[in-house]
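# Fold and geometry: a report
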Amino acid sequence: MADKKNIVYLGCSGFPHGLAEIQKIILISKAVILKGSSVTVICKRGMHDKNSRPDMKAKGNFEGIEYIYTPGTPFREPAFLKRNYLKAKGVVNEIKLLRRLSKNNQLDAAILSTHSYYAVLYYFILSKIFGFKTLLNYVEFYSGLKKNWRNADKWLNDELFDRFAPKLTDGSLIISEFLIAHLKKISPQKKYLKLPNLTDVRRYDGIECKEGDEYFLFCGAAGYFEIIKFIVDSFEKLKNTTAFLYLVINGHEFDKEVVKKYIAGSSCRDRIRYLTRLTDDELSSYYLNAIALLIPLRPTLQDTARFPHKIGEYLASGSPVISTNYAEVKYYFRDKENMLIAESYDIGLFTEKMQSVLDEPAEAEKIGNNGKQIAFSQFDYRENGEKILKFIDELSAGKKTGALNK
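On a predicted model such as this, the values are computed, not experimentally measured, just so you know. (Residues numbered from 1 in each chain as written. Predicted model: local features only at pLDDT ≥ 70, side-chain atom pairs only at ≥ 80, totals over all residues. Heavy atoms only, no water.)

A cis amide bond links Phe-15 with the next residue in sequence, Pro-16, at an omega value of 5°. With respect to the element layout, Pro-16 can be found in the loop between strand S1 (6-10) and helix H1 (20-33). With a phi close to 50°, Asn-240 is a non-glycine residue in the positive phi region. With respect to the helices and strands, the residue Asn-240 is situated in the loop between helix H6 (225-236) and strand S10 (244-250). Its relative accessible area of 84% is what places Asn-240 among the exposed residues. The residue Ala-327 is not glycine, and still its phi comes out positive at about 55°. Among the structural elements, Ala-327 can be located in the loop between strand S13 (321-324) and helix H11 (329-332). (Helix = DSSP H or I, 4+ residues; strand = E, 2+ residues; numbered from the N terminus. Buried < 20%, exposed > 50% of the residue type's maximum accessible area, 1.4 Å probe, protein only.)

To continue, consider the side chain of Thr-351. As for its position among the elements, Thr-351 is in helix H12 (residues 347-359). Among all residues touching Thr-351, those that are not within four sequence positions of it are Ser-234, Lys-237 and Leu-238. (Contact = heavy atoms within 4.5 Å.)

Turning our attention to the pairing of strand S8 (residues 191-194). By the alternation rule, side chains of S8 split into Lys-191 and Leu-193 and Tyr-192 and Lys-194, which are all buried. Of the strand pairs in this sheet, strand S7 (residues 171-174) and S8 are connected by four bridges, and their pairing is parallel. Note that in S8 the partner of Ile-174 across the bridge is Lys-194. Read from S7 through helix H5 (residues 177-186) to S8, the crossover connection turns out right-handed. (Pairing = 2+ DSSP bridges. Right-handed = clockwise from strand over helix to strand, strands pointing away.)

The next subject is the sheet that holds strand S5 (residues 109-112). Here we have eight strands laid out as an open sheet, ordered S3-S4-S2-S1-S5-S6-S7-S8, and mixed in their pairing. Two strands in the sheet have a free side with no partner beyond their single neighbour: strand S3 (59-62) and S8. In this sheet, adjacent strand axes meet at a mean angle of 25° when their direction is disregarded. For S5 and strand S6 (residues 133-138), the ladder comprises four bridges, and the chain directions are parallel. When the bridges of S6 are listed, Ala-110 appears paired with Thr-134. The sheet strands contacting helix H2 (residues 80-103) are S1, strand S2 (38-43) and strand S4 (65-69), and the helix crosses S1 at an angle near 165°. (Axes fitted to C-alpha atoms, helices over the stretch in contact; angles between N-to-C directions.)

This brings us to the sheet that holds S13. The strand order S11-S10-S9-S12-S13-S14 describes an open sheet built from six strands, whose pairing is parallel. The sheet terminates laterally at strand S11 (272-275) and strand S14 (340-342), the two strands that pair on one side only. This sheet shows a mean twist of 25° between the axes of neighbouring strands, independent of strand direction. Pairing of strand S9 (residues 215-221) with S10 involves seven bridges; the strand directions are parallel. Each residue of the ladder has a partner; that of Phe-218, found in S10, is Leu-247. Where H6 meets the sheet, it contacts S9, S10, S11 and strand S12 (292-294), and its direction lies at approximately 170° from that of S10.

So, in C-alpha cells, the structure goes:
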C-alpha cells in the first residue's frame, strides 16, 4: 500500500457545490481518503450566493473532505471594494495556511484544479517556497476551445496553459490519450497518471426501477446546443415508435430558451420532454429507467481531448449508452459489446443505434449490463485511490521518466 498522504486541492472555486469539476474533486478526494490519506480543499475566493446557501460556513467537512474558504466567507460579496478586499485577504490567508501546513509536515502534495495559467505559475512558486509536490488536473485542451475574437485574454491564457502549465507541475492527472500525446510533445520527461472521470457506482443504491414511458435520455448543458440539435434530429428519424426523448438541460436561461424553441419546432415535439433542475436522486432515477442514454461526441479538439463526466454515471446505471467512435470511447468500449457506438458523428448512423435499442431490447439490456461492469471495474472511485497515492509516491521519489497509467 502507498504511504498515507496529506493532500490539498488548490485553485478551485465553489466547493462543495458544482458540476463536473467539483464532482471530480469530490471523487478523487474520497478515493484517497478511503486509503487513509487526508484531503483539504482550499478556496481563496468566495463564490456562493448567500441567498441560495445561507447556512454554508467558511470552514467545514463534506463527506469526509475538509474545506476552507480563506477569505473567511464562502459568499461572493456584491460590493466592489469589499469584494476586492476579500480577494486580497483570501490570498494572504492561503499563503499563511500553506506555510503552517508545511511547517507542521501536513502538506505532501497539492492537486491544482484550475485552467488559469497564472494560477498554476503562482502555485509553482509557492510549491518551491514551501516544498510540496504539485499535480495538474488536466482535463481539457483549452486552446482548442472555440472563442469569440473579443476574448483575447482567454485566448492568451489558454495558449499559455496548454503550452506551459504541465511543465510547471511535478506531474499530471491526465484524462485522455490526446492530452497524453500533447504532454509528451511539450515535455516528454514529465510524469503522468491517466485517470478517467471517476464515478460513484453506488449512486443508484435504493433507486427503484419504475414502469412508465419508454424514453431515450440526454443530460447536458444548454450551451451544447449543437449536440442537443443533433440528438433531436436523430430522434425524429426513428421509425414506428411511441418512445419519448427526455432532455435534462441545465445552464444559462438564454441558452435554455434556445433549446426550448428548437424543441417547439420539432415534428416530434409531443414526444420530447424538457426537464431541468432535478435533484441528484431524481436524475439517478431517470438514468436507471431509460431505455438508452445518449452522449454523442464530435470530431472536434474539444471532444477529442476530454472524457465527459456523464459517461461514468450513465454506465453505472446499467442502461445502454449510445455514443460515437471518437476520443476515449474508442479506447474503453466496443460497439454492441459494452456500448452502442455510431462510427461517426452522423445523424443517420446515430439513429440506427437508437433504433436497434427499440428493435432488440434484450440485446440492448445485455450491452447495458456489460457497460455497467466497465463502470464498476474502471471508473468507480473506490478502485482508484491506491493508484493515485502510488503516483504521488513516484513523484516524491524524484523519478523523472515514464508513465504510471496501469
